[in-house]
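Report on the structure
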Amino acid sequence: MKNTLLGSLYLTLASMIWGGMYVVVKIVVSVIPPLELVWMRYLVAIVALLVIGFITRQNWRIEKRYFILIVAIGLIGNTISIVAQETGTMLSTAQMGAIITSSTPAFMVIFARLILKEQLTLKKGISVLLATIGVLLIVGIGDVNLSSTLGGIALLIAALTWGLMSVLVKRLPSDYSQIVVTTYSILVALIVLTPFVLPRLHEISISQLAHPTIWGGLLYLGIVSTAGGFLLWNRGLQMLNASSGGIFFFFQPLVGTLLGWLVLEENIVVAFWIGSILILTGVLFVINEKK
C-alpha cells in the first residue's frame, strides 16, 4: 500500500509538471523561437541528467547493435516531436498543446501493431478513432484561424512521433537505465539541432533572455520538466504497473488547461471540451485494454 501511494504521488507530480510545461513554453517562446528553445532546454537537461547519472553511478555502456535505435529515438522523439510540440504550442494555445499531445498513448497502438506485432483489437481501434476525432474537433475543421489550425497539426505530429518513439524504446533491453537512454537521445538531438541553432542565437535579445521569467522558464523546462519529470514518472511506474500508471497521464491536460486559463487567460470553448472528452475516452480504452 505504501508503494502504491508513493508511486501514485510520483506519477501525479510528473504529470502536473508536464501540464505546466505548456504554459511555460507559451511564455518563453515569445522570446526564444521553438528551435532555439528546444536546444537550450536540452542543454540544461543534459547537464542535469549527467550529474544525476554520475551521482547514481549509472552504467553508460550501450551495445553497438542498439546504437542506430538510440539515434532514431533521439531524432524522432527528442528532435522532431519536441520541436513540433513547442512550435504547435506557440501557434495555438497551452490548452491545445496539453490536450492534443495527450492522445499519444492511443496512437502508440498503431505503431505497436506495426513494429512490435502487438494484436490490434476492436477496443484499441475504437480508441484511436475517438482520439483522432477529438483532435480534429480541437484543431477546428473549417476554423478561419490559420495559426491555431497549423498549431494543431504540429501538435498532432508531435503526438504521433512521440508515440512512435515510445514504441521504439520498448525494443531496447529492459535492463538499460532510462536515465542513460534519455541522456544519449538528448545528446543526439543536441548534435542535430546545433548547426541550425548556432547561426541564429545572436537574434535572441540578451536583455529579454536575462529576464527572470525567461531564464526561470528555461530552468523549469530543462531541469524540472525534462530531467525531474522523467525521473518521477519512471520511478512511479516502477511502483505501479504500466496500465495503472497511464491513468495519471491525464493530470497533464487538466493542469495544462487550468493553467492556460488562469495564467494566460485562454478561453475554453465547448468544442474543446468535447474533443478533450473524446481523446481522454480513447486513451482510457487503451489503458484498460486487457492483455
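A brief report on the enclosed structure follows. What you see is a predicted model, and the numbers here were worked out from it, not measured in a lab. (Residues numbered from 1 in each chain as written. Predicted model: local features only at pLDDT ≥ 70, side-chain atom pairs only at ≥ 80, totals over all residues. Heavy atoms only, no water.)

1. Things to note about the pattern of salt bridges
We apply this condition: Salt bridge criterion: a side-chain nitrogen from Lys or Arg within 4 Å of a carboxyl oxygen from Asp or Glu. The numbering of helices and of strands both runs from the N terminus, where a helix is a DSSP run of H or I of at least 4 residues and a strand a run of E of at least 2. Here's how the labels work: a residue is buried when its accessible area is under 20% of the maximum for its type, exposed when over 50%, partly exposed in between, all with a 1.4 Å probe on protein chains only.
For the coordinates displayed, the defined rule picks out 3 salt bridges. One salt bridge connects R41 with E86, and the closest N-O pair in it is separated by 2.8 Å. Of this pair, R41 sits in helix α2 (residues 34-55) while E86 sits in helix α3 (residues 67-91), and the two are 45 residues apart along the sequence. For the pair R41 and E86, a shared accessibility class is recorded, and that class is buried.

2. Details of the nonpolar core
To keep it simple, the criterion reads: Residues grouped as a nonpolar core are buried Ala, Val, Leu, Ile, Met, Phe, Trp, Tyr and Cys residues, joined through side-chain atoms within 4.5 Å. Residues count as neighbours in contact if any of their non-hydrogen atoms are within 4.5 Å of one another.
Residues I32, L37, Y42, I186 and L193 are the most contacted members of the largest nonpolar core, which totals 31 residues. Elements represented by at least two residues in this core include exactly α1 (2-28), α2, α3, α8 (178-197) and α10 (212-239). Of the residues forming this core, the biggest block, 10 residues, is contributed by α2. Those residues in contact with L37 that sit more than four places away from it in its chain are V25, V28, V29, I32, E86, L218 and L221. Ranked by size, the runner-up nonpolar core spans 16 residues in total, among them Y66, L69, I73 and I76.

3. Some thoughts on the side chain of N78
Looking at the secondary structure, you find N78 in helix α3. Owing to a relative accessible area of 6%, N78 belongs among the buried residues under this scheme. Those residues in contact with N78 that sit more than four places away from it in its chain are V38, Y42, I73, S185, I186 and A189.

4. What about the environment of P33?
In this fold, P33 is placed in the loop between α1 and α2. Under the relative-accessibility criterion, P33 is labelled partly exposed at 30%. Counting along the chain gives 164 residues from P33 to V197, while the straight-line C-alpha distance between them is 9.9 Å. In contact with P33, other than residues within four places in its own chain, are R200 and I204.

5. Side note on the side chain of T226
Stated precisely, the cut-off is as follows: In the analysis that follows, any N or O atom pair within 3.5 Å is treated as a polar contact, provided that within protein one partner can donate a hydrogen and the other can accept it, and provided that, for residues neighboring in sequence, both atoms belong to side chains.
Structurally, the position occupied by T226 is in helix α10. Polar side-chain contacts of T226 include one of 2.9 Å to the side chain of R41. Reaching out from T226, the side chain makes a polar contact with the backbone oxygen of L221 at a distance of 2.7 Å. Contact partners of T226, with chain neighbours within four places excluded, come to R41, A45, I186 and L221.

6. Some details on the packing of aromatic side chains
Put simply, the test is: Centres within 6.5 Å are what make two rings of Phe, Tyr or Trp a pair, Trp counting through its six-membered ring; a difference in plane orientation under 30 degrees is then read as stacked, over 60 as edge-to-face, and the rest as tilted.
Scanning the model with the defined rule gives 3 aromatic pairs in all. Taking the centre distance of 5.3 Å and the plane angle of 40 degrees together, the rings of F54 and W60 count as tilted. According to the relative accessible area criterion, W60 is buried, its value standing at 18%. Through a chain of ring-to-ring contacts, the aromatic side chains of F54, W60 and Y184 assemble into a single cluster.

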